[in-house]
Amino acid sequence: MRLKLFLTPHLCILSSLVASPKLTSAFRSREYHAAFIVALLAAMSYKGFQNIRDQRQIMGEYSDPELENLFEWITRSTDENAVFAGPMPLMANLMLSTDRAIVNHPHFEDAGSRQRTKSVYSIFSRKEPQQVFDILKDMQVDYVVISQGWCLSVQRNGCAM
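Residues numbered from 1 in each chain as written. Predicted model: local features only at pLDDT ≥ 70, side-chain atom pairs only at ≥ 80, totals over all residues. Heavy atoms only, no water.

Trainee: Can you explain the overall build of the protein chain? Please cite residues and give values.
Mentor: Each helix and strand in the protein chain was counted, giving 6 helices and 3 strands. Secondary structure elements in the protein chain, listed N-terminal to C-terminal, are α-α-α-β-α-β-α-α-β. In the protein chain, buried positions account for 24% of the 161 residues. In the protein chain, once contacts between residues fewer than 6 apart in sequence are set aside, the share between residues at least 24 apart is 41%. (Helix = DSSP H or I, 4+ residues; strand = E, 2+ residues; numbered from the N terminus. Buried < 20%, exposed > 50% of the residue type's maximum accessible area, 1.4 Å probe, protein only. Contact = heavy atoms within 4.5 Å.)

Structure (structure tokens):
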């Protein structure tokens, strides 16, 4: 996947160079140059469409009944403008599945996002509950989703990661 991501801009640049009549003087006329570009695009499109068709045939299956039940409850029982906070791996799925707002998203990376995530993760710290409540209230969070595996309150006083 990373090779596709990093080599795609290079491929676009090389394609534009092939299409430039100034740089490709090997063709005798514009018609030959245009025919070469059309043939090149056709050859790439054939393999590309074949690749897309093969990828669409793959049927994966996702099964997490507890998470699916949570998302169904959120969709059914919460306001459409509700704001959620929680562990980043869960928040991206929550946003995608329920179309609800979240305060920390794992795919957006900037200083503000890192600070919001750090603030949200204070729910897993040993801070006073009122202090955590105030932090979440400042971010206008309506609901907090806590994964059971993230909070081991049986052995310690409070939550620990």
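Next, the rest of the story.
Trainee: Please set out the packing of aromatic side chains residue by residue, giving values where relevant.
Mentor: Counted by the stated rule, this structure contains 2 aromatic pairs. With centroids separated by 6.3 Å and ring planes inclined at 85°, the aromatic side chains of W73 and Y143 adopt a geometry described as edge-to-face. With W73 in helix α3 (residues 65-77) and Y143 in strand β3 (residues 143-144), this pair connects stretches of sequence that are 70 residues apart. Aromatic side chains F84 and Y143 sit 5.1 Å apart centroid to centroid with 15° between the ring planes, which places their arrangement in the stacked category. With F84 in strand β1 (residues 83-85) and Y143 in strand β3, this residue pair connects regions lying 59 residues apart in the sequence. Ring-pair connections join several aromatic residues into one group, and the members of that group are W73, F84 and Y143. (Phe/Tyr/Trp six-rings, centres within 6.5 Å; stacked < 30°, edge-to-face > 60°.)

Trainee: Now, about a negative patch on the surface: what can you tell me, with residues and values included?
Mentor: Taken together, the side chains of D79, E80, D99 and D142 define an acidic patch exposed on the protein surface. Along the chain, the position of D142 falls in the loop between α6 (129-138) and β3. A residue is classified by how much of its surface remains accessible, and D142, at 48% relative accessible area, is partly exposed. (Patch = residues over 30% accessible without salt bridge, like charges linked within 9 Å, V, L, I, M, F, W, Y side chains within 5 Å. Areas by Shrake-Rupley, 256 points an atom, 1.4 Å probe, with all protein chains shown as cover. Salt bridge = Lys/Arg side-chain N within 4 Å of Asp/Glu carboxyl O. Lys, Arg positive; Asp, Glu negative; His and termini not counted. Charge placed at Lys NZ, Arg CZ, Asp CG, Glu CD.)

Trainee: A description of unusual backbone geometry should follow, citing residues and the corresponding values.
Mentor: A positive phi angle, close to 60°, is found at D99, a residue other than glycine. Look at D99 and you get exposed, because its relative accessible area is 65%. Positive phi, close to 60°, is recorded for Q140, a residue that is not glycine.

Trainee: Requested: an account of the side chain of N104, with residues and values cited.
Mentor: Checked against the element boundaries, N104 lands in the loop between β2 (101-102) and α5 (111-120). At 2.8 Å, the side chain of N104 and the backbone oxygen of G86 are in polar contact. (Polar contact = N/O pair within 3.5 Å; in protein donor to acceptor, adjacent residues only side chain to side chain.)

Trainee: How would you summarise the side chain of S119 if you had to cite specific residues and measurements?
Mentor: Within the secondary structure, S119 sits in helix α5. Take S119: its relative accessible area is 16%, and that puts it in the buried class. With residues near it in sequence (within four places) discarded, S119 still touches I135 and M139.

Trainee: Just give me the short version of α6, but keep the residues and values in it.
Mentor: Every buried residue belonging to α6 is among V132, I135 and L136, and all of these are buried. Taken around the axis of α6, the buried residues stretch over an arc of 95°, which confines them to a single face. Those residues of α6 that are exposed and aimed more than 90 degrees away from the buried face are K137 and D138. Contacts from the buried residues of α6 go to β1, α5 and β3. (Arc of directions from axis to C-beta.)

Trainee: Can you break down the nonpolar core residue by residue, with the values?
Mentor: Counting residues in each nonpolar core, the largest one holds 12 residues, listed as V83, A85, V103, V120, Y121, I123, F124, V132, I135, L136, M139 and V141. With 3 residues, the top contributor of residues to this core is α6. Residues within four places of M139 in sequence aside, it is in contact with V103, R116, S119 and V120. Core analysis: the second largest hydrophobic core is formed by 10 residues, L67, F71, L90 and L94 among them. (Core = buried A, V, L, I, M, F, W, Y, C linked by side-chain atoms within 4.5 Å.)

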